[in-house]
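Coordinates in review
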Amino acid sequence: RYGNNPFIKAWQLDNEYGCHDTIISYSDVARAAFQEWLTDRYGDVEALNTAWGNVFWSMEYDRFDQIDLPNLTVTEPNPAHVMAFRRFSSDQVVKFNRVQVNVLRAATDVPLIHNYMGRILDFDHFEVGEDLDIASWDSYPIGFLSDRLEGDDDHKAAFLQQGDPDMQAFHHDLYRAVGKGRWWVMEQQPGPVNWAPYNPAPLDGMVRLWSWEAIAHGAEVVSYFRWRQAPFAQEQMHAGLLRPDDTPAAGMEEAAQVAQEIATLGPLVQVQADVALIFDYPSDWAWNTMPQGADFDYFRLIFSAYRALRRAGLSIDIIPSTQRNFDGYKLVFAPGLANTDPTLMSDLRDSDALAVLGPRTATVTDELSIPPQTQPVITGLDVNIELSESFPPSHIRSVEGGGSVVHWMEKLSGSSPVLMKTEGGATVLTGDDQMWYLGSWPDETLWNRLVGMAATQAGLHTTALPDGLRLRTAGAVQFAFNYSAHSVSWNDQVFDACSVTAWDRQDRILK
Amino acid sequence: RYGNNPFIKAWQLDNEYGCHDTIISYSDVARAAFQEWLTDRYGDVEALNTAWGNVFWSMEYDRFDQIDLPNLTVTEPNPAHVMAFRRFSSDQVVKFNRVQVNVLRAATDVPLIHNYMGRILDFDHFEVGEDLDIASWDSYPIGFLSDRLEGDDDHKAAFLQQGDPDMQAFHHDLYRAVGKGRWWVMEQQPGPVNWAPYNPAPLDGMVRLWSWEAIAHGAEVVSYFRWRQAPFAQEQMHAGLLRPDDTPAAGMEEAAQVAQEIATLGPLVQVQADVALIFDYPSDWAWNTMPQGADFDYFRLIFSAYRALRRAGLSIDIIPSTQRNFDGYKLVFAPGLANTDPTLMSDLRDSDALAVLGPRTATVTDELSIPPQTQPVITGLDVNIELSESFPPSHIRSVEGGGSVVHWMEKLSGSSPVLMKTEGGATVLTGDDQMWYLGSWPDETLWNRLVGMAATQAGLHTTALPDGLRLRTAGAVQFAFNYSAHSVSWNDQVFDACSVTAWDRQDRILK
Amino acid sequence: RYGNNPFIKAWQLDNEYGCHDTIISYSDVARAAFQEWLTDRYGDVEALNTAWGNVFWSMEYDRFDQIDLPNLTVTEPNPAHVMAFRRFSSDQVVKFNRVQVNVLRAATDVPLIHNYMGRILDFDHFEVGEDLDIASWDSYPIGFLSDRLEGDDDHKAAFLQQGDPDMQAFHHDLYRAVGKGRWWVMEQQPGPVNWAPYNPAPLDGMVRLWSWEAIAHGAEVVSYFRWRQAPFAQEQMHAGLLRPDDTPAAGMEEAAQVAQEIATLGPLVQVQADVALIFDYPSDWAWNTMPQGADFDYFRLIFSAYRALRRAGLSIDIIPSTQRNFDGYKLVFAPGLANTDPTLMSDLRDSDALAVLGPRTATVTDELSIPPQTQPVITGLDVNIELSESFPPSHIRSVEGGGSVVHWMEKLSGSSPVLMKTEGGATVLTGDDQMWYLGSWPDETLWNRLVGMAATQAGLHTTALPDGLRLRTAGAVQFAFNYSAHSVSWNDQVFDACSVTAWDRQDRILK
């Protein structure tokens, strides 16, 4: 009906895949589909038994239809079983999206879009993104800080009405990759919402800041949710640009200001960053299945690296683990990348970039078992993991020169040169001119030191930004976003609370 | 059989309606009854769709028998749906009680009583109370402090063996209203019980204090539970006035002392208080359904106001939201009164009392949606809510002159005079000579200031009582109860730990 | 098939009964079996009604097949009902084990063994042990510290990589009793495991320390789990003595060292200890069923006594509550022994040992009700419990002379001489030359004082060991184990971190 409507510029398929725990299903229907999926993947059940190591605990199956979903087991399920179920569940989303794509492609020529969420990792967004034209996401900075980010009380209090200074940028960079360069913000929070544990209002200036930050990271569109606040039903306390009586709400003025500023500034150019961070959904499933320590979480690890890069003032490209072209990158980080194929390692070694890998990178097979050869498998580095330790937050290990190891530490051996060690003498970082392996989870200070060392080796300039201030380069334009509730100083300049600043070469063009 | 037994002076119907989560039921039987109740209320399903705003999220129903109970939904249910279910559930209790009343009225002429519990709000006690002759309640000060009251660790430790200094008085005042003036304590804790997380013994003197406090608030009877401790089954560790071997337990002596003191003093007279506090069960259901902030709780809000009034030495009447006669009251408080009919506002304005309304008072319709007109609807005040914010306990906003806003703050606009504002300039309290609207949740200090301001305007004398000391006026007799575990001084007098003091005009008659 | 295989030296039946919550079952099959068990125990249902006090709350049954399992009740089930179910559940394990024993006895002459777990109390190990030849257990010091022991953060941090200094010894002593003198460690943790919340590596020396400690407590065998780390399935991150590629892991060297040291030292002799501690599984079920205070736990209480005895440098025998021969013991402790038969009291009084009983010892009947006579029933002591109090961790009561009462305090009366009282004058400890009754739960300091007083009266020498250092006498050999991560001094000697020391009379033979 709307296929050729000229006012339709793009089609959003479905809504927020994965929100409200909608990916993992333990229904009978899911079990049947999972058995089919396993039959396709393994062909015969003996191959599955071998791949999963089912000889352990007498878990061997005779037929595929004996295989239940990996829940309601007496102790715990086989991690290979869980991992297969996670892959299956992701594949179901890809197939479900494709069904909708096929229907719409036949009816319309406009771009197809889905609106992803923040920190939803239950399916592989890169695979869904392959079938769509534009990626988008729903950005709720205040709710996300409180309901899905680790952080100490001081951090959460300091950014209560602004959101975490790196959370939005991370997803902008992630979905730019998922959208192969084209992405929108589909839902931008314009005021207090209704669904977080607490729902304070954004500080004055934050709606503008969030909007400009998206644009600086390459968003083609920033759309606010919602246009008009509904006076009834579930979301009646969710602010819109208009209040229920059609009068403008607080966010409207800032949205209008951004629109005018965009018109004044003209289009921005996006350029490749110097630094790439590999993000891999199956790695999240792997470590979620087999965390080994209660607080080992892939997103948390990746995000701690991303934050450190941003504190150093760097702009970052997030790339999938399938990418093999590293031209133009000077630094590539891949913390926690569970399983890697050998070409990634050799291509990284052949690239001009310094690759910083680990912890846990390349330590398990595709079936979530320990590979036969020595691990991790870093081409050209003689490094072995003797054992891995996880430890509670109260336990830290100091590193020579400053900073500490937290959460996770591998006992590394081998002849690869030691680049960092604990005060007790244990290896933290090892490597050569092209590749480093990090066997530990660094705290903030140690991440700062590590990023500084890597940037120096890669010939990149870094800085030390004050808390809340973040930079982003968009072609010739340099942006600074101050997420702090107070003004901060950096580089002999003062940045107001909740402000956006931009320079075109020398000149300040936005304040 | 017992209908005309002359030793039966009153009949207790059932036991502690609502205790052990027995009101809300998600059974199939409940669903069928709910559908009937909805049919009665809305007549046709289109009216229900409109009233609930079911156009949102495509929730429209075609028939009443499609309407499930508001559980097991993918995201959350429509608040109007939940609110209807809460009203239905309360109505079921009223009906169930009435069935028993009808049976007993035919068999006996003695008064009918039910024993309510502490902080059970799942049904409208005022409606049940309409069908009965006397209200009563089961007062367990020590268990209630630990299992159903907010409070910081210091407070809970200070009153561990005495109970909260305001909890009993609140329920005495509440059930005096529910009983239309006639009420008992049906079960008074006489020693350690068995069911709280921890069960320490009352400090010496507390059984006497609790008993006298009930009498000072108008109780006709204080009955102790239990007479003799049972040596077996679930409650074998619940103290009685007698031990299992029929020897007197610790509480017996104090109970006997009270009996003797009552005989000496003669009957007390109850008089109307100067201050009324409106208590409304549906408001609890409303904010429980749509709290908007994780710790927004109606009872907690009401109780914070009650405590502040008591800290100022005031005696209080609790009244239902249906009351329209305010003769004799100088101050009426109505915090968090969700939905109000217009006559309440106009009758309050026409009364001689100063009405202090809000936060959240008169902000939703009967169907838990945002009313079309500007809100809150305070007759004669030009005040609008631009937006509402909830925030975590770590976040407070200082108010000019002392005290802070906690938990909740509305952004108020309109021409109504500002009476209090934050240090950031936001309106906290607004109003004229007859009606005030409070858009924020005050902390203790701010409540104290607010009560002081309101009392001054209303021509009431207030005091600042030390922690644990509370007053109650019963006609010409003035009582003081010291809940503290140590003696306190006030008004040039010393009050012993856990003591009761009473004056008849000038003379101390009870110590 | 393996019945006469000469390489089979013993048979392990099943694995870790009770691990993963496998004892208590609320299935339909369990209900039918429970009804049978009740029929056997009570004969007719009236006897059951009387025994359980079912007249309370109208719980009387007409027939055994009306009796459900004690779950899914509106409020709580009758404690007698729960207690019967706990006894039944334990009996089922005994029967299940016996079935396996009968099969194997017919096929083999080698000893039969089961491997018990740490702090699993859901069945009576003494009863299972009666049918077997050797007891064994699975010792995971690091995981057990974090997942099943109370302890403040400092304690848990200090022993993170060593385990609690008393947990292993306690189970060694317990299973020595269960095995009637013969016991093994079936699974000794040799490195980091996979199943605890966090899995750090043992500090250097701990594998040797754990091994030697077991031997010092009489273990015939210390077997490490596992021999080779599996590269797949659930336990792939569980260290073995060998790594997956067959190279030795960290624990191998220490295990080999212990083997060599054992060969050098020759066999040890086990002798009876001076101190006995009565351990009783049904007491755990009783207090678990009717804790009366949220943190009243039988193991926790027993373990607090055991720790205090160990801090004083004593070696301890754990004995069952059925033991009546106390020859050779100078001190017998029985905290929290719920139900006792009268012969225990009289035999204790007739023994040469000083018996220290309580809190809660001998306070309930076999059916978990309050006995008709005065309680506790301590032969020859005139002591009554007026009432019992439980209180939260924030509440303590200081005792004259030092230390405090925590968690639990009984109000004692009677003419028995007071040996300790609170600063408020309440009796803490009472008794005569043969028997003491302790009505309170002591904190560490108070336990230390109590053990010191009791040892002095019993003519035993005690010491005050530094944190982490523990002693064990094995015949003429005196062992010292330093669990601390640093060296400690005691008795003019220095003990290295994680070290084992042994003396044969004067000479240090192991360091």
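Preceding block: the structure.
So, here's what we can say about the structure. In every chain, residue numbers begin from 1 and rise along the written sequence. Chains carry letters and ligands carry numbers; both start at the beginning, A for chains and 1 for ligands, and go up in the order they are written. pLDDT decides what is reported in this predicted model: residues at 70 or higher carry local features, side-chain atom pairs at 80 or more are listed and counted, and totals for whole chains, interfaces and linings draw on all residues regardless. The basis for every side-chain value is the complete set of non-hydrogen atoms in the structure, without hydrogens or water.

The number of helices and strands found in chain A is 13 helices and 22 strands. The C-alpha atoms of chain A give 24 Å as radius of gyration, which agrees with the globular expectation for 511 residues (24 Å, within 12%). Along the three orthogonal principal directions, the C-alpha set of chain A runs to about 70 × 60 × 40 Å. Residues are treated as being in contact if the distance between any of their heavy atoms lies within 4.5 Å. For chain A, the proportion of contacts with a sequence separation of at least 24, taken over those separated by at least 6, is 65%. Charge convention: Lys and Arg are scored as positive, Asp and Glu as negative, and His as well as the terminal groups of each chain are ignored. To locate a charge, take atom NZ for lysine, CZ for arginine, CG for aspartate or CD for glutamate. Considering chain A, the positive charge centre built from 37 side chains and the negative charge centre built from 68 side chains are found 4 Å apart. Secondary structure follows DSSP: runs of H or I at least 4 residues long count as helices, runs of E at least 2 residues long count as strands, and numbering of each begins at the N terminus. Computation of the radius of gyration draws on C-alpha atoms, with the globule rule given as 2.2 Å multiplied by the number of residues to the power 0.38.

This part covers the relation of the copies chain C and chain B. Here the copies are superposed with least squares, the fitted atoms being C-alpha atoms of residues at a pLDDT of at least 70 in both. Relative to chain B, chain C is turned by 120° and slid 0.0 Å along the rotation axis, the superposed coordinates differing by an RMSD of 0.0 Å. Interpreted geometrically, this transformation is the action of a three-fold axis. Taking the C-alpha atom as reference, chain C places Asp153 of chain C closest to the rotation axis, 11 Å from it.

A few words on the pattern of salt bridges. Between Lys or Arg on one side and Asp or Glu on the other, a salt bridge is scored when a side-chain nitrogen of the former is within 4 Å of a carboxyl oxygen of the latter. Inspection of every chain in the model, using the stated rule, returns 88 salt bridges over all chains. Of the charged contacts in the structure, one is a salt bridge between Arg226 of chain B and Glu235 of chain B, with a shortest N-O distance of 2.5 Å. Across this residue pair, the class does not change: Arg226 of chain B and Glu235 of chain B are buried. Between Arg310 of chain C and Glu213 of chain C there is a salt bridge, with the nearest N and O atoms lying 3.6 Å from each other. Residue Arg310 of chain C is found in helix H11 (residues 298–311), and its partner Glu213 of chain C is found in helix H8 (residues 206–216); the two are separated by 97 residues along the sequence. Summary of the burial criterion: residues with accessible area below 20% of their type's maximum are buried, those above 50% are exposed, and those between are partly exposed, where the area comes from a 1.4 Å probe applied to protein chains only. Taking the relative accessible area as the measure of exposure, Glu213 of chain C reaches 0% and is therefore buried. Through salt bridges with shared partners, a single network forms among Asp164, Asp166, Glu213, Arg307, Arg310 and Arg470 of chain A.

A separate point is helix H7 (residues 167–178) of chain B. All names here are of chain B. Under the 1.5 Å per step criterion, the end-to-end length of H7 is 16 Å for twelve residues, consistent within 8% with the ideal 16 Å. Across the twelve residues that make up H7, a large majority, eleven, are buried. All of the buried residues in H7 are Met167, Gln168, Ala169, Phe170, His171, His172, Asp173, Leu174, Tyr175, Arg176 and Val178. An expected span of 1.5 Å times one less than the residue number is assigned to each helix.

Another point: the interface of chain A and chain C. Counting residues at the interface gives 33 residues for chain A, matched by 25 residues for chain C. Throughout, buried area stands for the accessible area (probe radius 1.4 Å) lost by two parts on being put together, summed over both. Here chain A meets chain C over a buried area of about 2400 Å², counting both sides, of which 60% is carbon and sulfur. Looking only at chain A, the three residues that lose the most surface to chain C are Phe56, Gln292 and Ile370 of chain A, adding up to 27% of its buried area. Put simply, Glu386 of chain A and Arg243 of chain C hold a salt bridge, and the shortest N to O gap is 3.9 Å. Within 3.5 Å is the distance limit for a polar contact, defined as a pair of N or O atoms, with the added protein rule that one can donate a hydrogen and the other accept it, and that residues adjacent in sequence qualify only through two side-chain atoms. Where chain A meets chain C, there are 13 residue pairs in polar contact (both at pLDDT 80 or more). Gly is placed with the polar residues, together with every amino acid not listed as nonpolar (Ala, Val, Leu, Ile, Met, Phe, Trp, Tyr, Cys and Pro) or charged (Asp, Glu, Lys and Arg). Grouping the constituent residues of the side of chain A that touches chain C by class yields 18 nonpolar, nine polar and six charged.

Residue-level contacts link 34 residues of chain C with 26 residues of chain B. Together, the buried faces of chain C and chain B total about 2400 Å²; carbon and sulfur atoms form 60% of this surface. Three residues, Phe56, Gln292 and Ile370 of chain C, lead the burial of chain C against chain B; their summed loss comes to 27% of the area buried on that side. The interface formed by chain C and chain B holds one salt bridge in total. Taken together, the elements giving at least two residues each to the side of chain C that touches chain B come down to strand S10 (384–390) and strand S12 (404–413) of chain C. Here the side of chain C that touches chain B is built from residues that sort into 18 nonpolar, nine polar and seven charged.

Here we come to the packing of helix H11 (residues 298–311) of chain B against helix H13 (residues 444–458) of chain B. All names here are of chain B. In this description, a line fitted to the C-alpha atoms serves as the axis of each element, helices being fitted only across the stretch in contact, and the angle between N-to-C directions of two axes falls anywhere from 0 to 180 degrees. For the pair H11 and H13, interaxial distance at closest approach is 9 Å and the crossing angle is 60°. In terms of orientation, H11 lies oblique with respect to H13. In terms of crossing hand, the pair formed by H11 and H13 is right-handed. Touching Leu301, Ser304, Ala305, Ala308, Leu309 and Arg311 of H11 are Glu444, Trp447, Asn448 and Val451, all from H13. In this scheme, roughly parallel covers angles under 35 degrees and roughly antiparallel covers those over 145, while 65 to 115 is roughly perpendicular and the rest are oblique. Handedness of a crossing follows from how the near helix is turned relative to the far one, being left-handed for an anticlockwise turn of less than a right angle and right-handed for a clockwise one.

All names here are of chain A. The complete set of buried residues in helix H2 (residues 45–52) reads Val45, Leu48, Asn49 and Trp52. Viewed end-on, H2 has its buried residues packed into an arc of 100°, placing them on one side of the element. At its buried positions, H2 is contacted by helix H1 (28–42) and helix H3 (79–107). Immediately downstream of H2, the backbone of Gly53 shows phi near 70°, a positive value. The arc in question is traced by the directions running from the helix axis to the C-beta atoms.

Attention shifts here to the sheet that holds strand S13 (residues 418–421) of chain C. Residue and element names in this part refer to chain C. When DSSP finds two or more bridges between two strands, those strands count as paired. Across the sheet, seven strands lie side by side as S7-S6-S8-S9-S15-S14-S13; this open sheet has mixed pairing. Strands with a single pairing partner mark the edges of an open sheet, and in this sheet they are strand S7 (316–320) and S13. In this sheet, adjacent strand axes meet at a mean angle of 20° when their direction is disregarded. Here strand S6 (residues 275–279) runs beside strand S8 (residues 331–334); their pairing, made up of three bridges, is parallel. From the neighbouring strand, Ala276 faces S8, where its bridge partner is Val332. This element, H11, spans S6, S7 and S8 of the sheet and lies at about 175° to S6.

From the geometry alone we can't say anything about function, so treat these as descriptive.
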